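# Topology and contacts: notes
What follows is the residue order along each chain.
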Amino acid sequence: MIEVTIDGNSGFCFGVVKAIQSAEDELAKTDELYCLGDLVHNNLEMERLKALGLRSIRHADLPQLRNRTVLLRAHGEPPTTYLTAEQNSIKIIDATCPVVLQLQRRIRQCYEETKNTDTQLVIYGKKGHAEVNGLVGQTDGTAIVIDGDDDFDTLDFGKNIILFSQTTKPLDGFSAVVEAIQSRIEPDVEFRFYDTICRQVANRLPNIRAFAAQHDCIYFVAGKQSSNGKMLFDECLKANPNTVFITQASEITEPLPPTITSVGVCGATSTPKWLMEEVAQKVREINGAV
């Protein structure tokens, strides 16, 4: 008999929970709410919210809106978004994650204090990611974004560097960037770095490694466009080579081999609990599990 367990540490982080609750609260009062980008990187959850009246729009659509209500997702936005909303009489429901909001304020303050100097503000993050775009916006577009060894040639190691991190980047990656800059920076040049990684997200890595190692087989559930999902899936795969990436329960069509006695179901910070429960139930139905 196969035992199926859902990882209690997987699923929405508190920032995503806050954003979805904000959307549901507003949609309980109206049948129309716009969201700047997908509220969460999971197609099935977005379809559920769309059925309630949520409409995703692009940044290019925002200047065309007038007198509407727009929800800002947990990733955060640059100052230009708020300015456009004010100019167009758009009501903003700000669901920016508190951790991201605090980081935006820190970067803005740092930028104001150093903008007339040769100091380089650097953000360790994924180029083009919504959160990173919001962070760069706090520096009027001047911050330098790096994501690994290939980006170090964009830095001037003869000038001061202040380093921040996207909140969802891995801790070991941030440490590697810090060490790389320290090994390259010239003597008598100031290098300050701030670990601004969200611990709720960072702790997912050791937790999910341990969870994956405890089971014979893992079903990792996430949207294909989730960068957090890709990172956590890779960690699961390292801990348990018998890890399968799926986006929904219908992808499970065959029973598992009789040698499998323990199955784990886990997911990304953008994976709803109800979806992991559906996957667990499908595994039970196909395999006669408990």
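Turning next to the packing of aromatic side chains. All chains considered together, the criterion is met by six aromatic pairs. An aromatic cluster of three or more residues is present, and its members are F220, F233 and F245.

What follows deals with the packing of helix α8 (residues 204-213) against helix α9 (residues 227-239). Contact pair α8 / α9: the axes reach a minimum separation of 8 Å and the direction vectors enclose 40 degrees. Taken together, the axis directions place α8 and α9 in an arrangement best described as oblique. The element α8 and its partner α9 pack so that their crossing is right-handed. Where α8 abuts α9, its residues R204, L205, I208, R209, A212 and A213 lie against M231, L232, E235, C236 and A239. Class assignment of the residues belonging to the contact of α8 with α9 gives a composition of eight nonpolar, no polar and three charged.

Okay, the pairing of strand β3 (residues 54-57) next. One face of the sheet, then the other: side chains in a regular strand alternate in exactly this way. In the sheet, strand β2 (residues 33-36) pairs with β3 via four bridges, with the strands oriented parallel. Paired with C35 across the strands is S56, a residue of β3. Assessed by its sense of winding, the connection that carries the chain from β2 through helix α2 (residues 43-52) to β3 is right-handed.

As summarised here, the arrangement of the four strands in space is β7-β6-β8-β9, forming an open sheet in which the pairing is parallel. The open sheet has two edge strands with one neighbour each: β7 (144-146) and β9 (191-193). Sheet twist, expressed as the average angle between the axes of neighbouring strands with direction ignored, equals 25 degrees. Direction of pairing for strand β8 (residues 161-165) relative to β9: parallel, over a ladder of three bridges. Bridge pairing links I162 to R192 in β9. Across the face of the sheet, helix α6 (residues 171-184) comes into contact with β6 (120-124), β7, β8 and β9 while running at roughly 170 degrees to β8.

This brings us to unusual backbone geometry. Even without being a glycine, N67 presents a positive backbone phi close to 55 degrees. Among the structural elements, N67 can be located in the loop between β3 and β4 (69-72). Even without glycine at this site, D140 takes up a positive phi of about 55 degrees. Assignment of secondary structure puts D140 in the loop between α5 (130-137) and β7.

Conventions used here
For every chain, the first residue of its written sequence is number 1, and the numbers climb from 1 along that sequence. Where local features are concerned, this predicted model is filtered to residues with pLDDT of at least 70; where side-chain atom pairs are given and counted, the filter is 80 or more; whole-chain, interface and lining totals use all residues. Computation of side-chain values covers all heavy atoms of the structure but excludes hydrogens and water. The aromatic pairing rule takes the rings of Phe, Tyr and Trp, using the six-membered ring of Trp, and pairs them if the centres are within 6.5 Å, calling planes under 30 degrees apart stacked, those over 60 edge-to-face and the rest tilted. In this analysis an axis means a line fitted to C-alpha atoms, helices contributing only their contacting stretch, and an angle means the value between N-to-C directions, from 0 to 180 degrees. A helix here means a DSSP run of H or I that spans at least four residues, while a strand means a run of E at least two residues long, and both kinds are numbered starting from the N terminus. Reported orientations rely on four angle classes, namely roughly parallel under 35 degrees, roughly antiparallel over 145, roughly perpendicular from 65 to 115, and oblique for the rest. By definition, any crossing whose near helix is turned counterclockwise from its far helix by less than a right angle is left-handed, and any crossing with a clockwise turn is right-handed. Two residues form a contact once any of their heavy atoms are found within 4.5 Å. Each residue is assigned to one class: nonpolar for Ala, Val, Leu, Ile, Met, Phe, Trp, Tyr, Cys and Pro, charged for Asp, Glu, Lys and Arg, and polar for all the others, Gly among them. Note on pairing: DSSP must find at least two bridges between two strands before they are called paired. Seen with its strands pointing away from the viewer, a crossover is right-handed if its path from the first strand over the helix to the second goes clockwise.

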